[in-house]
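Commentary on secondary and tertiary structure
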Amino acid sequence: MSSLLSTLARAGRALWWFLDASRRALLNLLFVALLAALAWGLLRGGAPALQPKTALVLDLQGRISEQRPASSRSAVLRHLQGEGDGGARLRDLLAVLDAAAKDPAITHALLMTDDLGAAGLPTLREVAAALQRLQAAGKPVIAWGAQLDQRGYYLAAHASEVWLHPMGSVSVQGYGRLRSYYKDLFDKVGITAHVVRAGQYKNAGETFTASGPSPQTLESDAALYGALWASWTTGVERARKKPAGSVMQAIDSLPASLEQAGGDPAGWALQRQWVDALKTRDEMRAAMVQRGAVADDAKPDDGRSTTFRQVHWRDYLARIKPRTDGDALGVIVAEGGIGDGRDGPGRIGGLSTAELIRQARDDKHIKALVLRVNSPGGSAFGSELVRRELELTRAAGKPVVVSMGDVAASGGYWISLAADEIVADEATITGSIGVVAMLPSAGAALGKLGINAAGSSTTWLGTAYDPRRGLDPRFERLLQASVDHVYRDFTARAAAARKTTPEKIDAVAQGRVWAGKDALGHGLVDRLGGLENALKSAATRAKLGADARVVYVEAAPGRLDRWLQRFGLAELTAWAGAAGALFAGDPASTALTTAAAALGLPPAAAAPLLDDLAWLAEPMPDGRHFTAATHCLCVAP
């Protein structure tokens, strides 16, 4: 027995030595690579001038967002886990397209969207408008792909020509989704979801208290999805110069028309003039060479395919030097859920975002402020912190204009209320003026396991809510009173901002979401447009020229990040942290795998369920306070 234990001990020590040596070796290699990259950045000269007839390559991969992830480390972790590099910032794409429109060396562009990730329709409309500005400058855009989904095809349709791989397809489904409803499951296992709300359309907690959608939810969803679909189809039909209604006609007749095309999706798309030509990748390269020039480093005799003269959009972005002189428009991005404290990019911290607004207000060179909102809401308190700072900025004499992106609903609408003007895209998801609070209890479930919670308290509040027992009716009354108070405050602030009465706001509030076009009709926004329109409005209000400098006001990066950014090597700051995290494992991925196994479901099927139920793991109130949320629990489809 002692011999076996000794052998196991030696094996354990050997395994630990191997793991420790591997960890140190990998970190040392990463450190050497970082030093080599820094040396390369110091020694290399500036980028060579672009040659004439250069094609701008817009190979869009990953999601298009307003901000990069909170850290380079998280971006690299996603990349190493096969989730892409975090995609692109909208502002970067727009800057590249607008700069290329003025660059004589760029004569045409190639758009590829096969790997495009999440992007709401307002974001797509912003990029499509920039593509059309490029074409208006006399520079054709060729879109090529093999699998064009609904997002990718929307952008491709706004190109000069659309080329599809002969074995490819165009996939368009429209807008809509199914929700999972958990009441029957909760009843079986003994969990109760206590949902208190203000607003008959405020359906954030409905999936936990009902077995199916309410009539209000069906009504609201139908109107919202209908508005988004009308915007999508109108945009595509105009861009492709097709008659109104042709997209729906093609979808309705799809089974018969695809059979007539011999089951060939690419042939069907060509017959319907959804695309202009069918080309393989090598045929695409040959055609691009004919329209432009052979790549400067191409060597046809070495056995490789000759390609065209090109510059990737990310490399072109590095060539754009921001202006540093003169008065400016400040832009603050408010993207993600809203919390009370401090958060990095991708989340809106009430305190941290308020600090950025104060920073812009105190900057003598910033003459007006644009708040770019892409948020479904969150904490009512955090939302008010942001709104108040914007109100103080206006009082200080600096105009404030809000530009709504994909979503600016509930708390995202609350923070917009202090603006001189609200500019929304016709497909922005906004409104959702309502309040909800959700508390779970699992006393019945624990009882089935033989676990009971009991004790004493000096006041009834001490045990008014405990997830092991349930919710005291008196505490529920307190919760409802708090939620109703926040709702009245919300509608009163909205009425004051929109120069109307709380009663009129209440009629279009009640937690209902609206598409931007409908929100304009109800007086919830001032005009329709994109970020460019908001910037022009802010410049006019501040009496600045049309070419006013634009400065994004963001939290300062760390010293290493700043140093590496000088040499275009910012992403390298992530590798050491990423390596350590990989050794520890990704907790979210581990939890997903474990839960999926317990449910008997593959991770892809379990993921939306786990997202729905994540609120069960959030910190619970302690009986002394509770939180009312202004959140629509909605995402841009």
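This is a predicted model, so every value here is computed, not measured.

Here we look at the confidence of the model for the chain
Counting all residues, the mean pLDDT for the chain is 85, and 78% of those residues have values of 70 or more. Across residues 76–84 the pLDDT falls below 50, and counting only partners more than four positions away or on other chains, this stretch makes 20 contacts in the model. Between residues 620–625, whose pLDDT stays under 50, and residues either more than four places distant or in other chains, the model counts nine contacts.

Looking at helix 5 (residues 150–157)
Counting buried residues along helix 5, seven of its eight residues qualify, which places the element largely inside the surrounding structure. Every buried residue of helix 5 is accounted for by Q150, G152, Y153, Y154, L155, A156 and A157. On its buried side, helix 5 packs onto strand 4 (106–112), helix 4 (121–136), strand 5 (141–148), strand 6 (161–170) and helix 8 (215–239). At the N-terminal boundary of helix 5, the capping side chain belongs to D149, with an oxygen 3.2 Å from the backbone nitrogen of R151.

Concerning the sheet that holds strand 1 (residues 54–59)
Overall, parallel pairing links the six strands, which are arranged 8-6-5-4-1-9 in an open sheet. Edge positions in the sheet fall to strand 8 (277–278) and strand 9 (310–312), since each of these pairs with one other strand and no more. Two strands pair when backbone bridges link them, and strand 1 and strand 4 are joined in this way by six bridges, in the parallel orientation. For D59, the partnering residue across the bridge sits in strand 4 and is M112. Packing against the sheet, helix 4 makes contact with strand 1, strand 4 and strand 5, and its axis sits at approximately 145° to strand 5.

Focus on the pairing of strand 4
For strand 4, the tally of buried residues reaches six of seven residues, placing the bulk of the element in the interior. Pairing of strand 4 with strand 5 involves three bridges; the strand directions are parallel. For L110, the partnering residue across the bridge sits in strand 5 and is I142.

Focus: the packing of aromatic side chains
Aromatic rings considered in pairs are described by the distance between their centres and by the relative angle of their planes. Under the definition given, this model contains 10 aromatic pairs. Centroid distance Y465 to F475: 6.4 Å. Interplanar angle 15°. Geometry classified as stacked. With Y465 in strand 19 (residues 465–466) and F475 in helix 18 (residues 473–497), this residue pair connects regions lying 10 residues apart in the sequence. For F475, a relative accessible area of 0% translates into the label buried. Three or more aromatic residues joined by ring pairs form one cluster here, namely Y154, Y175, W229 and W232. If you follow R91 out to its NZ or CZ, it ends over the ring of Y552, 3.8 Å from the centre. K279 extends its terminal NZ or CZ atom over the ring of W163, reaching a point 5.1 Å from the ring centre.

Digging into the environment of G87
Topologically, G87 is positioned in the loop between helix 2 (72–80) and strand 3 (88–89). Overall, G87 belongs to the buried group, its relative accessible area being 11%. Taking the C-alpha atoms as reference, G87 lies 8.1 Å from L116; in sequence the two are 29 residues apart. When sequence neighbours within four positions are dropped, the list of residues in contact with G87 reads Q61, G62, R63 and R314.

Comments concerning helix 15 (residues 380–395)
The end-to-end C-alpha distance of helix 15 is 22 Å, a good match for the 22 Å that 16 residues give at a rise of 1.5 Å each. Those residues of helix 15 not exposed but buried are A380, G382, S383, E384, V386, R387, E389, L390 and T393. A distance of 3.2 Å separates the backbone nitrogen of F381 from a side-chain oxygen at the start of helix 15, and that oxygen is part of S379. Note on helix 15: the residue one or two positions beyond its end, G397, has a positive phi of about 100°.

Considerations on the nonpolar core
Counting 62 residues, the largest nonpolar core has L56, L58, Y153, V170, W232 and W274 as its most contacted members. Contacts of L58, omitting those with residues within four sequence positions, involve L97, A109, L110, L111, M112, L131 and W313. Counting residues in hydrophobic clusters, the runner-up holds 51 residues, among them A334, V400, V435 and V525.

Some details on the packing of helix 3 (residues 90–102) against helix 4
Interhelical geometry of helix 3 versus helix 4 gives an angle of 10° and a closest axis separation of 8 Å. In terms of axis orientation, helix 3 runs roughly parallel to helix 4. Of the residues in helix 4, those in contact with L90, L93, L94, L97, D98, A100 and A101 of helix 3 are T123, E126, V127, A130, L131, R133 and L134.

Topic: a nonpolar patch on the surface
There is a patch of nonpolar side chains on the surface, built from W460, L461 and L478 and spanning about 230 Å² of accessible area. Mapped onto the elements of the fold, L461 is located in the loop between helix 17 (443–448) and strand 19. According to the relative accessible area criterion, L461 is partly exposed, its value standing at 33%.

Notes on the side chain of D103
Along the polypeptide, D103 turns up in the loop between helix 3 and strand 4. Buried charged residue D103 carries no salt bridge. Nearest counter-charge: K139, at 5.7 Å. Residue contacts for D103: discarding those within four places in its chain leaves L50, K139 and Y316.

Concerning the environment of I366
With respect to the helices and strands, I366 occurs in strand 13 (residues 366–375). Separated by 187 residues in the primary sequence, I366 and V553 place their C-alpha atoms 9.9 Å from one another. Those residues within four positions of I366 in sequence are excluded, and the remaining contacts are A328, G330, A360, K398 and V553.

Some points on the pattern of salt bridges
It is possible for side chains of opposite charge to pair when their charged atoms get near one another. Throughout the structure, instances matching the rule amount to 30 salt bridges. A salt bridge links D425 to R125; the nearest nitrogen and oxygen atoms lie 2.9 Å apart. Within this pair, whereas D425 is found in the loop between strand 16 (421–424) and strand 17 (429–431), its partner R125 is found in helix 4, the two being separated by 300 residues in sequence. Of the residues examined, R125 reaches a relative accessible area of 25% and is grouped as partly exposed. Measuring nitrogen to oxygen at the nearest pair gives 2.9 Å for the salt bridge that ties K183 to D187. Of the two residues, K183 and D187 both sit in helix 6 (residues 183–189), four residues apart, roughly one turn of that helix.

What counts, and at which threshold
Residues numbered from 1 in each chain as written. Predicted model: local features only at pLDDT ≥ 70, side-chain atom pairs only at ≥ 80, totals over all residues. Heavy atoms only, no water. pLDDT = per-residue confidence, 0-100. Contact = heavy atoms within 4.5 Å. Buried < 20%, exposed > 50% of the residue type's maximum accessible area, 1.4 Å probe, protein only. Helix = DSSP H or I, 4+ residues; strand = E, 2+ residues; numbered from the N terminus. Polar contact = N/O pair within 3.5 Å; in protein donor to acceptor, adjacent residues only side chain to side chain. Pairing = 2+ DSSP bridges. Axes fitted to C-alpha atoms, helices over the stretch in contact; angles between N-to-C directions. Phe/Tyr/Trp six-rings, centres within 6.5 Å; stacked < 30°, edge-to-face > 60°. Lys NZ or Arg CZ within 6 Å of the ring centre and 35° of its normal. Expected span 1.5 Å × (residues − 1). Core = buried A, V, L, I, M, F, W, Y, C linked by side-chain atoms within 4.5 Å. Parallel < 35°, antiparallel > 145°, perpendicular 65-115°, else oblique. Patch = residues over 30% accessible without salt bridge, like charges linked within 9 Å, V, L, I, M, F, W, Y side chains within 5 Å. Areas by Shrake-Rupley, 256 points an atom, 1.4 Å probe, with all protein chains shown as cover. Salt bridge = Lys/Arg side-chain N within 4 Å of Asp/Glu carboxyl O. Lys, Arg positive; Asp, Glu negative; His and termini not counted.

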